[in-house]
Structures are given as structure tokens and as C-alpha cells.
Amino acid sequence: TLQTLKMVTEQNGRLSKMVKTLLDMSELQTVSRDETIAVDALVDEVLVDLEPLAQEKEIKLIGNCKDTTMVGSDILIYRMVYNLVENAIKYNHSDGQVTVNAYKNQKHIYLSVEDTGNGIPEELKDRVFEPFFRVDKSRSRELGGVGLGLALVREIVIVHDGNIAVKSNPSGGTIFEVVL
């Protein structure tokens, strides 16, 4: 039937997404991390790329980035920011907003992605980076993820000798804070 075909197609899509992400994760160590990256320009690029998704969900995207450069893998840092912003849009409510901040302080780059969504319960904050972990299992199916986005983000942060933390946004929602 058409229903079965639709289900199989969806599963197939999810599976190939998962395989691609797992391959990306397994190759992280081999990617050269010696490129000079204009972090503010990279964030702008991510926001432009995700604008259609944001408009669809009526989310306002805000880039608040200082003129900042770092050394690393351009493709991996792009993927990291993209995954964080995409999640912040997906798990937000309409008329919400996503703000990306980036600045340099001495040797460190500080990058945060703030959303106005439902937030993450305190006891689950440490687990969101586990592969296949989902805060809301019922919603994630319909949003089409494979549960590897944040696991990949954490691996990218690790290969750049950084740290990532999840905090509650005082105005509601979640803040992902990366220090590189």
C-alpha cells in the first residue's frame, strides 16, 4: 500500500542519514584542522542556509558575532554551528527566536546558540550528547532526526580541544555554549 511505501521510504532516508553521520564521525580525526576560519562569516552563512526552515516555523534568527577568527576545520565548525542552530529552530515554538553569539577572549573563542523553546530538563542535560538519545521521543520522529546531531557536535568540539555545555536560558529555552 501507499502507507507502507511511505513508511519504508522514510525509514530508508533516516537510515542513510544515520550512516552518513556515523561516517562523518569516524573520519573526524583525519580532517585537517589548520584552516583560518572567519567565525562571524561562517555563522552568517549558517543563518542564511537555515533561514527557509526558520521562516517555515516563524522563528527569528539573530547573529550577534564579533569579527572573530580561529584555526580549525572550516567544514567541521560549519557542521557544528549548523547542527546547533537547526536543533534550536526545530525544537522551538513559532514566533520564537534563535540567537548565535560569538566572540574572542584572549586565546578562546566563545560561541553560544540560544533558543526560546521548551528547554531541557536538568537531569537530561548531560545525556543530550549521547548518540541516539532523545529528550522527547514522540516529537523527534516527526522532526526527522536520527539522534546523532549533538553527538557529532560534541565530537567536533573535542577534536578542536574545546568544551561544550548546556544551560537553561533565563528567558526560557536552552543555551548551548561552546568554548574553543
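For clarity, every value in this text was computed on a predicted model and none was experimentally measured.

The rules behind the values
- Residues numbered from 1 in each chain as written.
- Predicted model: local features only at pLDDT ≥ 70, side-chain atom pairs only at ≥ 80, totals over all residues.
- Heavy atoms only, no water.
- Helix = DSSP H or I, 4+ residues; strand = E, 2+ residues; numbered from the N terminus.
- Contact = heavy atoms within 4.5 Å.
- Areas by Shrake-Rupley, 256 points an atom, 1.4 Å probe, with all protein chains shown as cover.
- Expected span 1.5 Å × (residues − 1).
- Buried < 20%, exposed > 50% of the residue type's maximum accessible area, 1.4 Å probe, protein only.
- Pairing = 2+ DSSP bridges.
- Axes fitted to C-alpha atoms, helices over the stretch in contact; angles between N-to-C directions.

Asks: What should I look at first to understand the overall build of the chain in this one?
Replies: The secondary structure content of the chain amounts to five helices and seven strands. Its helices and strands in sequence order give the chain the pattern α-β-α-β-β-α-β-β-α-α-β-β, from N to C terminus. A sequence separation of at least 24 residues applies to 71% of the contacts in the chain between residues at least 6 apart. Of the roughly 10200 Å² that the chain leaves accessible, carbon and sulfur atoms contribute 52%.

Asks: It is not clear to me how helix H2 (residues 39-56) should be interpreted in this structure. Could you clarify?
Replies: Because an α-helix completes one turn every 3.6 residues, residues spaced three or four positions apart along the sequence face the same direction. Helix length check: H2 (18 residues) gives 26 Å between terminal C-alpha atoms against 26 Å at 1.5 Å per residue, within 8%. Every buried residue of H2 is listed here: Val39, Asp40, Leu42, Val43, Val46, Leu47, Leu50 and Ala54. Its buried side turned inward, H2 meets strand E1 (35-38), strand E2 (60-65), strand E3 (69-72), helix H3 (74-90), strand E4 (97-105) and strand E5 (108-115). Glu58 sits one or two positions beyond H2 and adopts a positive phi of about 55 degrees.

Asks: Sorry, what's going on with the pairing of E5 here?
Replies: For a regular strand, side chains alternate in direction, first toward one face of the sheet and then toward the other. Of the strand pairs in this sheet, E4 and E5 are connected by eight bridges, and their pairing is antiparallel. The partner of Thr99 across the bridge, within E5, is Glu114. Connecting E4 to the next strand, E5, in antiparallel fashion are two residues, including Gln106 with a positive phi near 55 degrees. Here E5 runs beside strand E7 (residues 174-179); their pairing, made up of five bridges, is antiparallel. The residue of E7 that forms the bridge with Leu111 is Val178.

Asks: Which parts of the structure should I look at to understand the sheet that holds E2?
Replies: Sheet strands line up and pair through hydrogen bonds in the backbone, either parallel or antiparallel. Spatially, E2-E4-E5-E7-E6 is the arrangement adopted by the five strands of the open sheet, whose pairing is mixed. The open sheet has two edge strands, E2 and strand E6 (163-168), and neither has a second partner. Neighbour-to-neighbour, the strand axes of the sheet open up by a mean angle of 15 degrees, direction not taken into account. Bridge count for E6 against E7 is six bridges, and the pairing is antiparallel. By the bridge assignment for E7, Ser168 is matched with Thr174. Helix-sheet contacts for H3 involve E2, E4, E5, E6 and E7, and the interaxial angle to E5 is about 20 degrees. Across the sheet, helix H5 (residues 149-159) lies against E6 and E7, angled at about 135 degrees from E6, the strand it touches most.

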